[in-house]
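Read off the chains here:
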Amino acid sequence: MQSFLHFLLAGVFAARWDGASALGGVRLADGDNKCSGRVEVRRHDQWGTVCDHGWDLREAYVVCLQLGCGLAEAALPGAAYGAGRGEIWLRHVQCSGHESSLTSCAVVLHSNFHCTHENDAGVRCSGSLPSPTLTLLSPHAVFTAGESVRFGCSVLLGHHLSDFHLYRQGVATPLVTQRADQTQTRVELTLSDVETLHQGSYSCRYRIRGGFPSQLLGSPPSNAVNITVVELLTPQHWYNTSAEAPAGAVIKGHGFNITCSTPQQYPGGSFQLRLIRSNGTVRQSLPALTPAVTFTFPSAQSADEGYYYCLYRVQLGGRTFLSRESQPLPIAVRDPDPILSPMVISWLVSGLTLAVAVVVIVIVAKVLCIKEKKPSELERETRTCVDNTYVALSINKL
Ligand SMILES: *[C@@H]1O[C@H](CO)[C@@H](O)[C@H](O)[C@H]1NC(C)=O
Ligand SMILES: *[C@@H]1O[C@H](CO)[C@@H](O)[C@H](O)[C@H]1NC(C)=O
């Protein structure tokens, strides 16, 4: 992967310099790898070689940087990687080391040195630039929104450094850039005011300045460092109790439940329920295995009266994070309504039972009494009644 990236980089940089150069392009041929070989340059779409007269590390340095092959390890004269073919395009090239490409270096004209392909120049480069090392300078790897994260990016290379960049995995543009002076081998990269979207895997790179006019060459990425950003949102809550309780209240002796819920869950989270009452604060907590957790109160007592608050708590990476309190949930504990109290209900039930019993007894007695009397007697009695009425009416007339 790294060598592929490095290959791409080499391609990009070579292409860029091709455009700027009249000769167009440099390549290494017949080497052990992409970053070693016989130096070949292109002119009029034809590849040719470079004569080794005056060939030393300064020229090799320019070629290695130009190809994204890191730093020069050796400048090899005498067709060390075999004799090339075609034209010898460059003879007695003299670089200062600041050039961006071999073709920007000076060429000593009127050199009397006789060049053949037995003098083809070669280089061996270090390969890609050394990878930097990213460390976390902050004492922990878990952060809460708004905090700053301090990284350190360092490299063994001690020269030509230009700047350092902090990248988040999956984002092409650096989040933090820090200039370095040429010999500075370590910088601090601070990511301030982090948000949850900053959570992820980070790496750093540096660039070295190689060439004149200045060209920048990027290093491969460092190791990855992961950070976690926790943002605890304010929990919500609600309660339920028996249906006959008025709003905002529970009835003494009845059960009630308070449910806390969080919009976002984290591993290792828990809910804390706080009751603030006249004589102090009571806390209890339950693990938040689900986004909503219920605190159960089987029998409400006056001590349960007060303001309830839910908090969400997370322990991660050795740190404890606490959400803001939810809105207060006031709960009053009422005495049971006397009209509907169990004792009153039992009185009512006994009274009603008694009344019903009396009525039933009277009716039964009456029916039995009527059945026992003889019909003649009944007739006579009815007549008597009629006679009496008659008498009564007569008296009224008088
Ligand atoms: C960083 O996180 C990624 C997943 O996002 C994981 O694959 C990798 O192993 C982690 N690296 C470290 C050093 O913890
Ligand atoms: C409270 O929760 C418990 C257990 O979840 C349940 O059995 C009970 O019916 C609930 N009480 C009320 C008043 O909702």
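For clarity, every value in this text was computed on a predicted model and none was experimentally measured.

### Remarks on the packing of aromatic side chains
Line of reasoning, step 1. A full pass over the atoms with the stated rule returns six aromatic pairs.
Line of reasoning, step 2. Taking 5.3 Å as the distance between ring centres and 35 degrees as the angle between the ring planes, the aromatic pair formed by F151 and Y202 counts as tilted. In this pair, F151 is assigned in strand β11 (residues 149-154) and Y202 in strand β15 (residues 200-209), connecting sequence segments 51 residues apart. One exposure class covers both F151 and Y202, and it is buried.
Line of reasoning, step 3. When the centroid spacing of 5.2 Å and the interplanar angle of 50 degrees are considered together, the rings of F271 and Y312 count as tilted. Here the residue F271 occupies a position in strand β21 (residues 269-277), and Y312 occupies one in strand β24 (residues 306-316), the gap between them amounting to 41 residues.
Line of reasoning, step 4. In this structure F271 comes out as buried when scored by relative accessible area, which is 0%.
Line of reasoning, step 5. Here Y312 falls in the buried class, since its relative accessible area comes to 0%.
Line of reasoning, step 6. Lying across the ring of Y167, R205 places its NZ or CZ 5.5 Å from the centre.

### Comments concerning the side chain of S101
Line of reasoning, step 1. Tracing the backbone shows S101 in the loop between β6 (93-94) and β7 (106-107).
Line of reasoning, step 2. Judged by relative accessible area, which is 3%, S101 ranks as buried.
Line of reasoning, step 3. In this structure the side chain of S101 is engaged in a polar contact, spanning 2.6 Å, whose partner is the side chain of S104.
Line of reasoning, step 4. What S101 contacts, discounting residues up to four positions off in sequence, is V62 and Q66.

### Observations concerning the state of the cysteines
Line of reasoning, step 1. Enumeration according to the criterion identifies six disulfides in this entry.
Line of reasoning, step 2. With its sulfur 2.0 Å from that of its partner, C64 forms a disulfide with C125. Residues C64 and C125 share a disulfide whose torsion about the S-S bond is about -85 degrees; that sign makes it left-handed. Placement of the pair is C64 in helix α2 (residues 57-66) and C125 in strand β8 (residues 122-125), with a sequence separation of 61 residues. Comparing C64 with C125 shows no difference in burial state: the two are buried.
Line of reasoning, step 3. One disulfide in the model links C153 with C204; its S-S distance is 2.0 Å.

### Re α2
Line of reasoning, step 1. The buried fraction of α2 is high, at eight of ten residues.
Line of reasoning, step 2. Listed as buried for α2 are E59, A60, Y61, V62, V63, C64, L65 and Q66.
Line of reasoning, step 3. One side-chain oxygen of the residue at the start of α2 lies 3.0 Å from the amide nitrogen of R58, identifying that residue as D56.
Line of reasoning, step 4. In the segment just after α2, G68 is the residue with positive phi, at about 65 degrees.

### Notes on the pairing of β15
Line of reasoning, step 1. Extensive coverage of β15 is indicated by the burial of seven of its ten residues.
Line of reasoning, step 2. As paired strands, strand β12 (residues 161-168) and β15 are joined by seven bridges and run antiparallel to one another. Bridge pairing links D163 to R207 in β15.
Line of reasoning, step 3. Pairing geometry for β15 and strand β17 (residues 225-230), over three bridges, is antiparallel. Its bridge partner lying in β17, G200 is registered against I227.
Line of reasoning, step 4. As paired strands, β15 and strand β16 (residues 216-218) are joined by three bridges and run antiparallel to one another. Each residue of the ladder has a partner; that of I208, found in β16, is L217.

### With respect to the site of ligand 2
Line of reasoning, step 1. Taken together, N240, T241, G255 and N257 are the residues near ligand 2.
Line of reasoning, step 2. Within the side chain of N257, an N or O atom sits 2.2 Å from an oxygen atom of ligand 2.
Line of reasoning, step 3. For ligand 2, whose unbound accessible area comes to 360 Å², protein coverage reaches 40%.

### Let's talk about the sheet that holds strand β18 (residues 236-241)
Line of reasoning, step 1. With antiparallel pairing, three strands are arranged side by side in an open sheet as β18-β20-β23. The open sheet has two edge strands, β18 and β23 (292-297), and neither has a second partner. With direction set aside, neighbouring strand axes in the sheet form an average angle of 20 degrees.
Line of reasoning, step 2. Here β18 runs beside strand β20 (residues 256-261); their pairing, made up of six bridges, is antiparallel. Within β20, the residue paired with W238 across the bridge is T259.

### Things to note about the nonpolar core
Line of reasoning, step 1. Membership of the largest hydrophobic core comes to 27 residues, with the highest contact counts inside it found for L134, F151, F164, L189 and I208.
Line of reasoning, step 2. Of all the secondary-structure elements, those providing two or more residues to this core are α2, β11, β12, β14 (186-191), β15 and β17.
Line of reasoning, step 3. When residues of this core are assigned to their parent elements, the largest contribution, four residues, is made by β15.
Line of reasoning, step 4. Each of two domains, domain 1 (2-125) and domain 2 (133-230), supplies a minimum of three residues to this core.

### Overview of the confidence of the model for the chain
Line of reasoning, step 1. The share of residues in the chain with pLDDT of 70 or more is 82%, and the mean pLDDT across the chain is 82.
Line of reasoning, step 2. The low-confidence segment residues 1-23 (pLDDT under 50) makes 34 contacts with residues lying over four places distant or belonging to another chain.
Line of reasoning, step 3. Per-residue pLDDT stays below 50 along residues 382-398; that stretch engages in zero contacts with residues further than four places along the chain or on separate chains.

### Thoughts on the pairing of strand β3 (residues 46-50)
Line of reasoning, step 1. Inspection of the sheet shows strand β2 (residues 36-43) paired to β3 by four bridges, in the antiparallel sense. Of the residues in β3, the one forming a bridge with V41 is G48.
Line of reasoning, step 2. Taken together, β2 and the strand that follows it, β3, pair antiparallel across an intervening segment of two residues, in which H44 is found at a positive phi of about 50 degrees.
Line of reasoning, step 3. Across two bridges, β3 lies against strand β5 (residues 88-90) in parallel orientation. Residue pairing across strands places V50 opposite L90, the latter belonging to β5.

Procedures and definitions
Residues numbered from 1 in each chain as written. Chains lettered and ligands numbered in written order. Predicted model: local features only at pLDDT ≥ 70, side-chain atom pairs only at ≥ 80, totals over all residues. Heavy atoms only, no water. Phe/Tyr/Trp six-rings, centres within 6.5 Å; stacked < 30°, edge-to-face > 60°. Helix = DSSP H or I, 4+ residues; strand = E, 2+ residues; numbered from the N terminus. Buried < 20%, exposed > 50% of the residue type's maximum accessible area, 1.4 Å probe, protein only. Lys NZ or Arg CZ within 6 Å of the ring centre and 35° of its normal. Polar contact = N/O pair within 3.5 Å; in protein donor to acceptor, adjacent residues only side chain to side chain. Contact = heavy atoms within 4.5 Å. Disulfide = S-S within 2.5 Å. Pairing = 2+ DSSP bridges. Near = heavy atom within 4 Å. Areas by Shrake-Rupley, 256 points an atom, 1.4 Å probe, with all protein chains shown as cover. Axes fitted to C-alpha atoms, helices over the stretch in contact; angles between N-to-C directions. Core = buried A, V, L, I, M, F, W, Y, C linked by side-chain atoms within 4.5 Å. Domains from an automatic or database assignment. pLDDT = per-residue confidence, 0-100.

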